[in-house]
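# Results of the structural survey
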Amino acid sequence: MVNELRATGADVALELPTIVVCGQQSAGKSSVVEAICGIPLPRNQETCTRCPTEVRLSQLPPASGAAWEATVKLRREGGSSEPAGINNPPDLPGAVAAAQAALLTQQGSAGRWSGGGGSDVRRQNSGGNGDSSLAVAGSGGSSGTLKFTRETVVVEVRGAPVDLTLIDLPGIIHSVERPEDEHYKGLVADLARSYMQRPGVVIVATVTCKEDIDTQVILSMAREADPEGSRTLGVLTKPDQVEEGCHGQWLQVLAGERYPLALGWYVVRNPNQAALVRGTSSSMARQQEDAFFNSTHPWRGLPSSSRGRLGTLKLREAMSKQLVKMVTVARPALMAAAQAQLAALRVELAAMPPAAVLGDGHAEMLRLIDDVSMSIQEEVLARSQSKQFYQHLLTNFQQLKSELASSRPCFLLPRGGSAGSSSSTTIAACSSLLAVTCALDDDLAGADEARQQLQLVHGGPGSTSRHESAPATPAGNGKSSGPGSFNIFNNGGSGSDAARRGMTLEDVRQLVERHHSVELPGFSPYSAVQDLVARHQRPWPAAVTECAAAAHRQLLQLVMLHVGRTFDRFPRAADHIRELASELLEELHSDTTAAVDSLVAMELSGAFAVCRREFSRASSQHLEGLRTLITAAGSSPAVQAGAAAEGAAAADERAAEAGSGSIKRRGTTTGPGELLSMMSVVLTYFGISCRRLADTVSMSIMHHLISSFNSKFRARLAGQLLSLSSEAVAALLVEEPACAARRAAIKQKKDLLEQAMKLMRAAG
């Protein structure tokens, strides 16, 4: 059954029971293999075994009339070469040696090696001695030639005397000629161990009688791989070279008294090199072997139990029986392994895209375009399981709002004590000034923490001295938070930056004075308000441009990902679709940039608000908070009581003069009340403008980029597809070679495993 399984190729997927012949170099391994197989193999010094040689033997039916034939091929990590056919047994040694030479000279590809029947390999007989020396075309002499290799020569023989598969390994070496070849000793030993450790292997440990058995390392290696000795069979070679009177240790080994093995020991005698030169055939060698054991002391006088293990034919019979036994024992495990691999292969095959059937290339391409368009649309609109793209987009929009808010105006009021306000109205207290700005929805990070404490910055804005914190106290009149609320800054955060660039009352007064023209006393010049707003909007164009660019990058990345997934089998089509998608995205990005630039230009063209009542209410809240803060900044109780009686305008002016001696009238008509009023207008409008631009830019990006791509992508691809000829579409739908090769490999392995399962079920 093993040969039938190997014939299906199941040995590639399953660890089939096999026989491995191993021993130290010149122990006669290859002679044993040749005797067992009944085929000639290269055995001279130049062509000794330097790589694993796997020999697969199968008998022909007696009445088949089929002729003897053999094939030789190379099995490398990248696959097997095409087999070279051999029809004449004497040509086989030359082909095997040529195959080995091709591996050693790294010429083992199918396209560069042709076996014994090819023009690259010539068998040269010297004096009719049967020795095979080989010339491998293009080998380049000894340059770059390896001494040994793990790659395998595979010999298949039909018409052999027995059904058997065995592997001849390179002999264990103890010394090398050149220091640079030292690594080969370890390579050969590791190669032998890798085969011997496989549980389905019968270890044929070959020991020469020319050397003391205790010095032959193969026995210790076999014991390591098979501690119980249950799958190790020993073979003694060259019994005709034992000196007279030195047979005792070998007879003890044969009887199992020394180095006992469960499968026992066998003794074989094969022709030496001189006999081979004289042309000794396989049949002649067996006759001479029988004559030796029947006529030579002490072998002729052995008891029948020991004589049953003398000779190659007895060894061959024992190997065959042991292999059949191991196959029978291993059959359930082999079937289980085959079933497990089949299940895994079916899962992998089901997960792979089906092979392209290009009856109508345009229809197939349109189906793929529909698939990729739908998958992108589902994710962009957050309808799929993955919400990542939409979440990243929202994060981008929130970042835009934070960037816009980071430039909000900050005013520095005279420092005072505690004040009262709503929970969201907070102030930052300096040693001499209070930093006040507008609070925005979804404010900058740290706002919640900031509401828990005040930051005391000694030395005023821009000071490099240490920072302290003090308990926060409410400021304001207790009204609910909204557009008219204030905000606090965390130490070192965006708020601190705002405080450092803040404007004092004197700064604002000077600005107003520069803009005064024909206004009546008590009225702030509108151009001053516009100036204050505009200087805090200057960073906005860059923030908006980056927001649109980030959205474009996110969408491009998403599109490339889905195109790759949908067209993974067709690299040419994928590249074509990527190019078209990139062109469309560039167009839409340009349109989107123009649209958001227009929004920024409108926002920066001048202050504008339609909802006057809401604006007036928010501005009044800001103004009331500012009045409360500056009144509490340093006024006495009498001044505060007087402020309520004298009216708001007089209270503003008196409170400002009481809180800061730095603000002087200097002959101008700009009073503190006018300044506070203008500051409240600026704070209110900045909040409205910031929120409005963040919303309209986000909406514009969604409309001009995201939604437009969804609506135009499929139409653009489909329209371009219709302009292509059938030949051009077919060229795009050339399947990825690696994908096609993997599918074919899976199907091939699946088929051979299914065939192997049928054979094993039938054998049971």
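The rules behind these values
- Residues numbered from 1 in each chain as written.
- Predicted model: local features only at pLDDT ≥ 70, side-chain atom pairs only at ≥ 80, totals over all residues.
- Heavy atoms only, no water.
- pLDDT = per-residue confidence, 0-100.
- Helix = DSSP H or I, 4+ residues; strand = E, 2+ residues; numbered from the N terminus.
- Contact = heavy atoms within 4.5 Å.
- Buried < 20%, exposed > 50% of the residue type's maximum accessible area, 1.4 Å probe, protein only.
- Pairing = 2+ DSSP bridges.
- Expected span 1.5 Å × (residues − 1).
- Arc of directions from axis to C-beta.
- Polar contact = N/O pair within 3.5 Å; in protein donor to acceptor, adjacent residues only side chain to side chain.
- Core = buried A, V, L, I, M, F, W, Y, C linked by side-chain atoms within 4.5 Å.
- 1 Å grid on protein atoms, 1.4 Å probe; cavity = no way out; pocket = protein on both sides within 12 Å on 5 of 7 lines; lining within 4 Å.
- Points joined across faces, edges and corners; volume = space filled by probe spheres on them.
- Nonpolar A, V, L, I, M, F, W, Y, C, P; charged D, E, K, R; others polar.
- Salt bridge = Lys/Arg side-chain N within 4 Å of Asp/Glu carboxyl O.

## Some details on the confidence of the model for the protein
With 76% of its residues at a pLDDT of 70 or more, the protein shows a mean pLDDT of 77. The spread of mean pLDDT over the elements of the protein runs between strand β16 (residues 453-457), the lowest at 27, and strand β12 (residues 265-267), the highest at 96. Note that residues 487-496 has pLDDT below 50 and, in this model, 36 contacts with residues that lie over four places away or in other chains. Note on residues 635-669: pLDDT under 50 across the span, and 35 contacts to partners over four residues away in sequence or across chains.

## What to know about the pairing of strand β2 (residues 53-58)
Of all six residues in β2, five are buried; the element is thus mostly enclosed. Both β2 and strand β8 (residues 152-158) contribute to a ladder of six bridges, which runs parallel. Counted as the bridge partner of Ser58 is Arg158 from β8. Here β2 pairs with strand β9 (residues 164-168) via five bridges, running antiparallel. Bridging from a neighbouring strand, Arg56 pairs with Thr165 of β9.

## Focus on helix α8 (residues 282-295)
In this model α8 runs 20 Å from its N-terminal to its C-terminal C-alpha over 14 residues, within 8% of the 20 Å that 1.5 Å per residue would give. When we look at burial in α8, the residues that qualify are Ala285, Arg286, Glu289, Phe292 and Phe293. Each buried residue of α8 lies within a common arc of 120° when the element is viewed along its axis, so the set occupies one face.

## Things to note about the side chain of Lys29
For Lys29, the location among the structural elements is in helix α2 (residues 29-37). When its relative accessible area of 6% is taken as the criterion, Lys29 is described as buried. Side chain to side chain, Lys29 and Asp168 meet in a polar contact 3.2 Å long.

## Focus on the nonpolar core
Met365, Leu555 and Phe567 are the most contacted members of the largest nonpolar core, which totals 78 residues. At 19 residues, helix α22 (residues 672-722) tops the list of elements feeding residues into this core. Once you skip the residues sitting within four places of it in the chain, Leu555 turns out to touch Val380, Phe389, Leu585, Leu705, Ile706 and Phe709.

## Points about empty space enclosed by the protein
Overall, the coordinates contain three cavities of 30 Å³ or more when judged by the stated rule. Here the second largest cavity is characterised by a volume of approximately 100 Å³. In terms of lining residues, the second largest cavity is bounded by 13 residues, among which Pro42, Thr49, Thr53, Val96 and Asp168 are the most central. At the level of secondary structure, the elements contributing two or more residues to the lining of the second largest cavity comprise α2, β2 and α3 (92-104). Here the lining of the second largest cavity gets three residues from one element, more than from any other, and that element is α3. Partitioned by chemical class, the residues of the lining of the second largest cavity number seven nonpolar, five polar and one charged.

## Some words on the pairing of β9
For β9, the tally of buried residues reaches five of five residues, placing the bulk of the element in the interior. With burial as the criterion, each face of β9 is covered, one bearing Leu164, Leu166 and Asp168 and the other bearing Thr165 and Ile167. Sheet topology note: the strand β1 (residues 18-23)/β9 ladder contains three bridges and is parallel. Across the sheet, residue Ile19 finds its bridge partner in β9, namely Leu166.

## Concerning α2
Burial within α2 is extensive, with nine of its nine residues counted as buried. Turning to α2, its buried residues number three or more, namely Lys29, Ser30, Ser31, Val32, Val33, Glu34, Ala35, Ile36 and Cys37. Within two residues after α2, Gly38 carries a phi angle of roughly 70°, on the positive side.

## Structural notes on unusual backbone geometry
Each neighbour pair has its own omega, and for His297 with Pro298 the value is 5°, a cis peptide bond. Unusually for a residue other than glycine, Ser26 sits at a positive phi of about 70°. As for its position among the elements, Ser26 is in the loop between β1 and α2. Look at Lys238: it is not a glycine, yet its phi comes out positive at around 55°. Mapped onto the elements, Lys238 comes out in the loop between β11 (232-237) and α6 (248-254). Since its relative accessible area comes to 23%, Lys238 is described here as partly exposed.

## Let's talk about the pattern of salt bridges
Under the defined criterion, the tally for this structure stands at 29 salt bridges. Between Glu754 and Arg346 there is a salt bridge, and its shortest N-O distance comes to 3.4 Å. In this pair, Glu754 is assigned in helix α24 (residues 737-763) and Arg346 in helix α10 (residues 312-351), connecting sequence segments 408 residues apart. The partly exposed category is assigned to Arg346, whose relative accessible area is 41%.

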